[in-house]
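Descriptive analysis of the structure
Below, each chain spelled out in residue letters.
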Amino acid sequence: MELAVSSAGEHGTAVASGGLSPRQMVEIYRLMVLSRRVDDREILLKRQQKIFFQLSAAGHEALQVGAALAMRPGYDWFFPYYRDRALCLALGVTPVEMLLQAVGAATDPASGGRQMPTHWSSRPLHIVSTSSATATQLLHAVGCAEAGRYFSRHPEAAARPEAASGAGDYRAFHDVEFHGDEVVFTSLGEGSTSQGEFWEALNTASNQKLPVVFCVEDNGYAISTPVEVNTPGGNISRLVANFPNFHFAEVDGTDPEACLRAFEIAVAHCRAGRGPAFVHGHCVRHYSHSLSDDDKLYRSTAEREADDLRDPLILMQMRLLREGILTEDEINALEQQLDREAAEAAERALEAPLPMVAEITEHVYSEDLDPTSTAFATEHTEAPGIAGGGTAGGAKGSGPRTMADLINACLHDEMRRDPRIVVYGQDVADASREQALAEVKGKGGVFKLTAGLQTEFGSERVFNSPLAESNIVGRAIGYATRGMKPVVEIQFFDYIWPAMHQIHNELALMRWRSNGVWASPAVIRVPIGGYLTGGSIYHSQSGESIFTHIPGLRVVFPSNALDANGLLRTAIRCDDPVLFLEHKRLYRETYGRAPYPGPEFAIPFGKAKIVRPGAHITLVTYGAIVPRAMQAAERAQRQHGIDVEIIDLRTLNPYDWEAIATSVRKTSRVIVAHEDRLSWGYGAEIAARIGDELFDSLDAPVRRVGSMDTFVAYQPILEDAILPQPETILKAIVELKAY
């Protein structure tokens, strides 16, 4: 069977055993030249100051076209990188669409003018939105492949929920597409193989035998850093050769037929379920890294001239002439036609409307499902008498349960309700070696919050991850783009930092940067905070303000068992990514215990709770400071006659400004207290806004309480001095009232 290279819908069929037909060769050449002509047109526009950035695929065209023609656009899934112009053209992205992105037009289908050119995205073609970050997309590809496999084995999970099934549900806005033999393609430059995400992605793809094709486009440079400086031995294929279950290929990336054959074999390996594939293509970078770079500053003339001789367009042109497939006049006519096509595409792009300033904030969060809405306001409407909640829940309205119990109960409830939920992280499974569960109780997390989930729902839905935080979050992004709901755990907040790149630059940005086309509404559960007596530096950290500073990310921080249950349910059902912070000291505290509230109990985000009414001072707080503030307030009332109103924010992004403002207008004095360090902490933003918008209501300066500007020490005497105590808060109350 011949490979139909002229139609995107016919991609992925086998190469004729006798080699490429003349028509196929001409079509491959056409795609390669068109990619170069669009590159050149962008360069011209940049020099005319009509666009603002340019980054080309020149020299990579043969490798990319070969990859695209071995795949099935709109069937398979693609996580390319910013140099993949020829790949995306061959998949079906048009020159006009590419140049709309270069112009930053409102009608740019990839991002609506929000991203640089060559940051690809197409829902119809299954090209998932890419970023400028290097290698992060590889973990998304792995999660995408995991999700595809899960849906293939559990097709019932793809169904949408019934319209009246409890509170709002993200599934109503995420259609699911899957095929049993789909393949996921992802690519990167050779320089990006130094990133940890590269190795983490290979690790999981290998262990799980996932159908992922990894393509390394090796042009010998990472901007100005040559391959032998970036990669030990100068060849990445030699370093990865011992990963099990992989098919490996190393190919001349300037020969489109060799590339196509290599990718056909790689894709067949993946489609057959034999595992992932790794194709390493040696190509050339015909132009500088980008138009902001000048490779003459670091490459010799001889080296650049040698690369020019390996230009895949010249090599293919010579072959067409040598084999009598096209004459020189026919080649000239074809290239002139492609020149006109690129020029006309540029003209159309330049005429396109530009984005509206009024639309800047669209798609930061979901417009389909608002977690602050009444859809999640069941806090005061639940009636007792419903059973559920797994081992920790029991009958609704039964005896008080800890925060740990009610988080576990919520996870059990939601996994029963929603087959798209998967739970994973470090040590969250009962036992990875399932046979051990016949004689052992199981772990279920270092704090036991996921205990029993694997036993009830199986190892496909609850499993341990490698000890790699970016792996956990990166895969979650891939899962979520396919319509699943990963509820992942970072074992300690202190170790979340390797995942920061994925959280800040990928997870929170996916919806906005794709102009609402893609979304990753994952939930990240994270134990946080100190007051542990011996937790020390690396098991006591706070730092929530760093994450509340990220647009697109919801941040939740409950102080008691009931709030934790209701807010976690909202986090799981909502359509935005959520960082769910759980204070370790509160997991099993006597304070804040509550009966199991039932499987539909939910609390909207952005709705604070007045946990102690008062008339003299407003105290705004959250997390583990709430019970300490309660102690301080009771002492202030008893010893000094000061009546303190305590507001528990419950969620930090969004937060309930109206509750704060109403209370401050009543009391005219306010303290903002948190466990995190005082300087640049979350309270600084609240205090600044109070000063800005409520100055006329104040009778005293806004007071802040936080920990010392240092780390938490191991010795309990030092820990107690560093972290805010009830005495610290009481002192602030008394001083503020006396002002």
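Quick notes on the rules
- Residues numbered from 1 in each chain as written.
- Predicted model: local features only at pLDDT ≥ 70, side-chain atom pairs only at ≥ 80, totals over all residues.
- Heavy atoms only, no water.
- 1 Å grid on protein atoms, 1.4 Å probe; cavity = no way out; pocket = protein on both sides within 12 Å on 5 of 7 lines; lining within 4 Å.
- Points joined across faces, edges and corners; volume = space filled by probe spheres on them.
- Helix = DSSP H or I, 4+ residues; strand = E, 2+ residues; numbered from the N terminus.
- Nonpolar A, V, L, I, M, F, W, Y, C, P; charged D, E, K, R; others polar.
- Disulfide = S-S within 2.5 Å.
- Core = buried A, V, L, I, M, F, W, Y, C linked by side-chain atoms within 4.5 Å.
- Buried < 20%, exposed > 50% of the residue type's maximum accessible area, 1.4 Å probe, protein only.
- Contact = heavy atoms within 4.5 Å.
- Patch = residues over 30% accessible without salt bridge, like charges linked within 9 Å, V, L, I, M, F, W, Y side chains within 5 Å.
- Areas by Shrake-Rupley, 256 points an atom, 1.4 Å probe, with all protein chains shown as cover.
- Salt bridge = Lys/Arg side-chain N within 4 Å of Asp/Glu carboxyl O.

This part covers empty space enclosed by the protein. Evaluated as defined, the whole model comprises three cavities of 30 Å³ or more. The element contributing the most residues to the lining of the largest cavity is strand β20 (residues 670-677), with three residues. Taken together, the residues of the lining of the largest cavity sort by class into four nonpolar, five polar and three charged. Computed from the structure, the second largest cavity encloses a volume of approximately 40 Å³. Taken together, Ser-542, Glu-544, Phe-557, His-583, Tyr-622, Gly-623, Ala-624, Ile-625 and Glu-675 make up the lining of the second largest cavity. Across the lining of the second largest cavity, the residue classes tally to four nonpolar, three polar and two charged.

Under the defined criterion, the tally for this structure stands at zero disulfides. No disulfide involves Cys-88; its sulfur sits 12 Å from the nearest other cysteine sulfur, which is in Cys-215.

Our focus in this paragraph is the nonpolar core. Grouped together as the largest cluster of nonpolar side chains are 79 residues, with contacts concentrated most on Phe-214, Phe-547 and Ile-690. Among the elements that take part in this core, helix α5 (residues 136-153) stands out by supplying nine residues, more than any other. Beyond its immediate stretch of four places on either side in the chain, Ile-690 contacts Trp-657, Ile-660, Val-664, Val-670, Val-672, Phe-695, Leu-698 and Val-702.

What follows covers a nonpolar patch on the surface. On the surface, Tyr-495, Ile-537, Tyr-538 and Phe-711 cluster together into a nonpolar patch covering about 390 Å² of accessible area. Structurally, the position occupied by Phe-711 is in the loop between β21 (703-707) and α24 (716-722). Exposure remark for Phe-711: the relative accessible area of 49% places this residue in the partly exposed category.

Let us look at the pattern of salt bridges. A side chain with one charge can pair with a side chain of the opposite charge if their charged atoms come near. This model, assessed by the stated rule, comprises 46 salt bridges. Across the salt bridge formed by Arg-160 and Asp-175, the nearest N and O atoms sit 2.6 Å from each other. With a gap of 15 residues between them, Arg-160 in the loop between α5 and β2 (184-189) and Asp-175 in the loop between α5 and β2 connect regions that are remote in the sequence. You can call Arg-160 partly exposed: its relative accessible area is 46%. For Asp-175, a relative accessible area of 56% translates into the label exposed. With a closest N to O distance of 3.0 Å, Arg-417 and Glu-414 form a salt bridge. A residue pair is termed a helical-turn pair when its members lie 3 or 4 positions apart in one helix, as Arg-417 and Glu-414 do in helix α14 (residues 403-417) at three residues. By the burial criterion, Arg-417 is buried, and Glu-414 matches it. Through salt bridges with shared partners, a single ionic network connects Asp-169, Arg-171, Asp-413, Glu-414, Arg-416, Arg-417, Asp-418, Glu-456, Arg-569, Arg-573 and Glu-600.

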